[in-house]
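# Per-entry structural report
The primary structure of each chain is shown beneath.
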Amino acid sequence: MTDSTAALTINLLGRPQAWHGDTELDLGAARRRAVFTVLAMRAGCPVRREDLVSAVWGTSVPASANTSLYAYISGLRQVLEPQRDRWAGSRLLVTASGGYCLRVPKDSLDVHRFHSLREEARRRRSEGDATGELLTLEKALALWRGEALAGVPGPFAEAQRAHLDELRLATLERRAAVKIDLGGHEDLVGELTGLAHQHPLREELHRLLMVALCRGGRQAEALDVFRRARAVLVEQAGSEPGHVLRELHERILASAGDPGRCCPPKTPPARREPMVSPAPPRARAFIGREAELDLLRDAVAGLKAGRGGCVWFDGEPGVGKSALLAEALSGVTAAGCGLFWGTGDELTRTVPMNALRCLGGDPVATTMELCSRAPVVLVLDDMQWVDEESVLAWRHLHRLTQRLPLLLVVAARPTRDRRDIELLREQVGTRTLNPLDEAETRELVTVLAPDSALAEPVARLAGGNPFYIRAAVSEALESGWNPDDAPPVRLMTAVREHLRFLLPHTSRVLSSAAFLGDDCTVAEISAASGTPVPSLLESIEDALATGVLAEQEDRLTFPHPIVRRVLYCGMPSALRVVVHQQLAQALAATAAPPERVAAQLAAGPVPVDDWARDWLAEHGCELDPRLVASLLGEEVLDGDAPGGCPGSAACPAGRGRGPARPAAAARRVRGARRQLGTHRLLLRADRRRLGRDGPGERARQPAHLHLRTSTRTGPGRPAGVQRLRLRAPTRRRVRRGLVRSRAGPGTDADLRRAVA
């Protein structure tokens with residue numbers, strides 16, 4: 001840990017402040033403070049740029065938001081590390097995973113210390129240490145300097161402000177309850193009166209005030225508090241007080257002035273009962289996964305015999321992890337086991353214990369109590385989005401599986417930005433859930449659409465991913481879409497929404513890769529996206545980890561072709577032509593194989609301009625003449641190979657090879673025909689240009705170019721002149737151009753022989 005990191009203190013429970021020792025740092029204007037607040041609340045975790053923009057501006061994002069964000073980040077880096085060299089990388093506010101990360105110890109944030117003290121108070125309470133609990137709660141409340149995140153704009157700050165204010169009120173209520181139990185009721189009347197006036201709809205504050213008054217022998221005032229509370233609740237909330245407040249009111253009325261009768265000596269601990277959260281519904285059609293089902297069912301059988309354990313499934317998005325858990329655990333409750341289903345959520349991953357709220361209060365203590373009654377299955381789905389506090393609690397629960405009838409079941413996507421989850425993976429061991437094989441895919445399609453012919457095209461399109469299979473079948477059944485056609489808007493929207501988890505730079509890289517065909521190399525993606533290879537590695541690793549790309553020897557492929565099709569068809573056709581044209585030129589500039597460049601020209605289809613004609617003239621002999629013909633809008637002319645045997649200087653297929661056997665000679669003749677046919681196409685395609693430009697130098701230039709590429713075996717080494725068969729009009733135009741030009745006699749003679 002650096003000295004600058006160790007000396008930094010961040011206070012958010014009030015107006016946001018940052019301190020280096022005794023020096024307060026200038027965090028800047030309101031929106032820069034808002035950016036700092038988001039990064040501080042997510043300290044240690046990367047925050048994507050678009051998430052920062054949404055957190056600060058919400059839905060009203062100006063066009064200059066990204067520019068402003070860069071300026072705020074730059075300014076914060078200068079403030080946080082004033083001694084840093086201008087060209088040195090920041091050690092506190094770093095660029096990571098398509099966003100930014102504030103790397104500071106959690107203990108340097110007052111928000112984290114507040115949460116830690118609340119947990120310590122809860123532990124002391126479970127141990128029966130009321131005095132220790134009171135002191136700890138008072139330490140937690142002493143961290144507050146006013147309204148949390150005061151003066152910070154933006155939807156993120158508003159949501160966090162409301163959440164932290166709720167925690168503060170709950171802490172105040174608990175502190176008052178403990179202090180009343182310890183005999184400090186007289187000191188609380190004034191404080192509770194003010195709080196009840198500020199928050200008139202919180203029944204717990206009214207209850208505590210009534211108890212404090214009753215303990216001091218002021219029953220009449222306690223009854224007045226109830227009447228005022230009831231009037232406010234009826235007027236503002238339209239409801240009567242809850243049964244707890246009504247029961248206390250009835251006890252005071254029946255106490256006849258005896259404080260001991262109206263209020264018991266101790267306030268019972270406010271404990272929330274665990275909630276059995278419903279598991280997701282079973283899939284309509286569940287195919288395959290026999291080995292995984294057996295694994296889970298064996299684990300449940302061991303649980304009923306008193307053995308705990310843990311089962312962790314990893315898999316790409318949409319591969320069917322949740323459906324597998326729902327299918328395998330469908331009969332757990334009927335077998336006498338408790339089932340509690342927690343789910344991580346990307347939007348609430350910063351809310352402490354949000355993923356384990358299904359357990360009620362303290363997850364460890366509650367789980368131990370539940371296991372004393374019956375075996376327990378605790379599921380954590382979407383573990384990659386679970387909040388850090390829930391991950392810590394899960395680590396404790398995992399240790400308990402060695403001595404309690406507790407089965408932990410986890411499902412997660414691969415993730416690269418959660419080191420705490422990666423450590424758990426290494427500790428527990430995981431099982432990867434792969435896509436369905438071709439037979440299982442066909443079976444699933446047949447079950448979903450029994451009387452259709454969708455099995456073959458959907459299997460080819462979805463690549464075994466159940467989400468894509470179901471989405472494609474649903475679209476085909478509802479709209480009559482043919483899977484061999486471009487995907488309709490609704491299907492494209494569903495796939496894009498499914499891919500929202502990708503980092504922004506990964507999405508851009510994948511969009512470039514989608515234009516390169518079914519497979520491509522990293523070098524081709526670099527040329528297509530204009531990004532250096534080292535800068536692509538993080539995006540490609542992200543796509544590989546999440547299953548959007550796959551490795552096939554030295555090439556990258558889309559294992560689910562529907563993803564490539566959606567990324568490709570998501571761009572208007574007019575723009576696709578421009579992109580293909582630019583990609584063809586970019587690939588040609590990197591000396592890519594000619595067939596890869598030609599594929600871009602054909603995919604548009606790209607209009608054949610001067611650049612395309614020149615490129616085809618130079619590389620056409622390396623391509624299939626049918627492809628060149630389709631690019632130029634011409635048909636291959638029939639013709640024989642030139643005179644001379646294969647292997648002679650006149651045969652480009654066998655130049656300089658000497659005598660050849662009949663089979664080899666036949667192959668070389670066919671190669672010569674293809675090459676010469678290609679050159680005939682090139683000259684024929686330039687027919688209009690030769691006639692339109694007149695008999696000057698430009699009229700001769702294509703013939704020179706085409707002849708040169710077909711009559712040289714190496715740089716500067718003529719290999720003889722080939723006789724090219726041209727249509728009569730083209731031959732006449734070329735001859736006129738030669739006659740009227742001023743080129744050297746040697747060149748004219750070569751051209752005349754070529755077009756004779």
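Quick summary incoming for the structure in this document.

Rules used in this analysis
Sequence order sets the numbering: in each chain, residues are counted from 1 along the sequence as written. Local features are withheld for residues below a pLDDT of 70 in this predicted model, meaning they are given only at 70 or higher, and side-chain atom pairs are given and counted only at 80 or more; totals for whole chains, interfaces and linings count all residues. Based on all heavy atoms of the structure, the side-chain values leave hydrogens and waters out of the count. Relative accessibility under 20% of the residue-type maximum defines a buried residue, over 50% an exposed one, and the middle range a partly exposed one, all with a 1.4 Å probe and only protein chains included. For helices the rule is a DSSP run of H or I covering at least 4 residues; for strands it is a run of E covering at least 2, with both sets numbered from the N terminus onward. A pair of strands counts as paired when DSSP detects no fewer than two bridges linking them. Convention used here: a crossover is right-handed provided that the path from the first strand, over the helix, to the second strand proceeds clockwise when the strands point away from the viewer. Working rule for contacts: check all heavy atoms of both residues, and any pair within 4.5 Å makes them a contact. Each aromatic pair joins two rings of Phe, Tyr and Trp (for Trp, the six-membered one) with centres within 6.5 Å, and gets the label stacked for planes under 30 degrees apart, edge-to-face for over 60, and tilted for any other angle. A ring is scored as having a charge over it whenever the NZ atom of a lysine or the CZ atom of an arginine sits within 6 Å of its centre and within 35 degrees of its normal. Comment: axis = line fitted to C-alpha atoms, over the contacting stretch for helices; angle = value between 0 and 180 degrees taken between N-to-C directions. The scheme is simple: roughly parallel for angles under 35 degrees, roughly antiparallel for over 145, roughly perpendicular for 65 to 115, oblique for anything else. Whenever Lys or Arg places a side-chain nitrogen within 4 Å of a carboxyl oxygen from Asp or Glu, that contact is recorded as a salt bridge.

## Structural notes on the pairing of strand E9 (residues 376-381)
- Of all 6 residues in E9, 6 are buried; the element is thus mostly enclosed.
- Both faces of E9 are covered, namely the face carrying Val 376, Leu 378 and Leu 380 and the face carrying Val 377, Val 379 and Asp 381.
- Two elements, strand E8 (residues 338-343) and E9, share 6 bridges in a ladder whose sense is parallel. Bridge pairing links Gly 338 to Val 376 in E9.
- As a crossover connection, the stretch from E9 through helix H16 (residues 388-400) into strand E10 (residues 406-412) is right-handed.

## What to know about the environment of Leu 295
- Assignment of secondary structure puts Leu 295 in helix H13 (residues 290-304).
- When its relative accessible area of 32% is taken as the criterion, Leu 295 is described as partly exposed.
- Dropping the residues within four chain positions of it, Leu 295 is found in contact with Val 311, Phe 313 and Arg 431.

## Some points on the packing of aromatic side chains
- Tallied over the entire structure, the rule returns 6 aromatic pairs.
- Note on Trp 312 and Trp 394: the rings are 5.9 Å apart at their centroids and 85 degrees apart in plane angle, and the pair reads as edge-to-face. Note that Trp 312 is positioned in strand E7 (residues 309-314) and Trp 394 in helix H16, a separation of 82 residues in sequence. Accessibility assignment for this pair places Trp 312 and Trp 394 in one class, buried.
- Over the face of the ring belonging to Trp 144 we find Arg 168, whose NZ or CZ atom lies 5.5 Å from the ring centre.
- The side chain of Arg 564 reaches across the aromatic face of Tyr 568, ending 5.8 Å from its centre.

## Things to note about the sheet that holds strand E6 (residues 99-102)
- The strand order across the open sheet built from 3 strands is E4-E6-E5, with neighbouring strands paired in antiparallel fashion. Single-partner strands in this sheet number two, and they are strand E4 (47-48) and strand E5 (93-96).
- Strands in contact with helix H2 (residues 30-41) are E4, E5 and E6; relative to E6, the strand with the most contacts, it is inclined by about 70 degrees.

## Observations regarding the packing of helix H5 (residues 110-126) against helix H6 (residues 130-142)
- For the pair H5 and H6, the least separation of the axes is 8 Å and the interaxial angle reads 170 degrees. Comparing the axis directions of H5 and H6 gives the class roughly antiparallel. Where H5 abuts H6, its residues Phe 114, Leu 117, Glu 120, Ala 121, Arg 124 and Arg 125 lie against Gly 132, Glu 133, Thr 136, Leu 137, Lys 139 and Ala 140.

## Describing the pattern of salt bridges
- Scanning the model with the defined rule gives 34 salt bridges in all.
- Its salt-bridge partner being Glu 173, residue Arg 202 comes within 2.9 Å of it at the nearest N-O pair. Highlighted residues: Arg 202 in the loop between helix H8 (189-198) and helix H9 (203-215) and Glu 173 in helix H7 (residues 155-181), separated in sequence by 29 residues.
- Take Glu 173: its relative accessible area is 11%, and that puts it in the buried class.
- The partner of Arg 555 in a salt bridge is Glu 524, and the shortest N-O contact between them spans 3.6 Å. Placement of the pair is Arg 555 in strand E14 (residues 555-557) and Glu 524 in helix H23 (residues 522-529), with a sequence separation of 31 residues.
- Classification of Glu 524 as buried rests on a relative accessible area of 7%.

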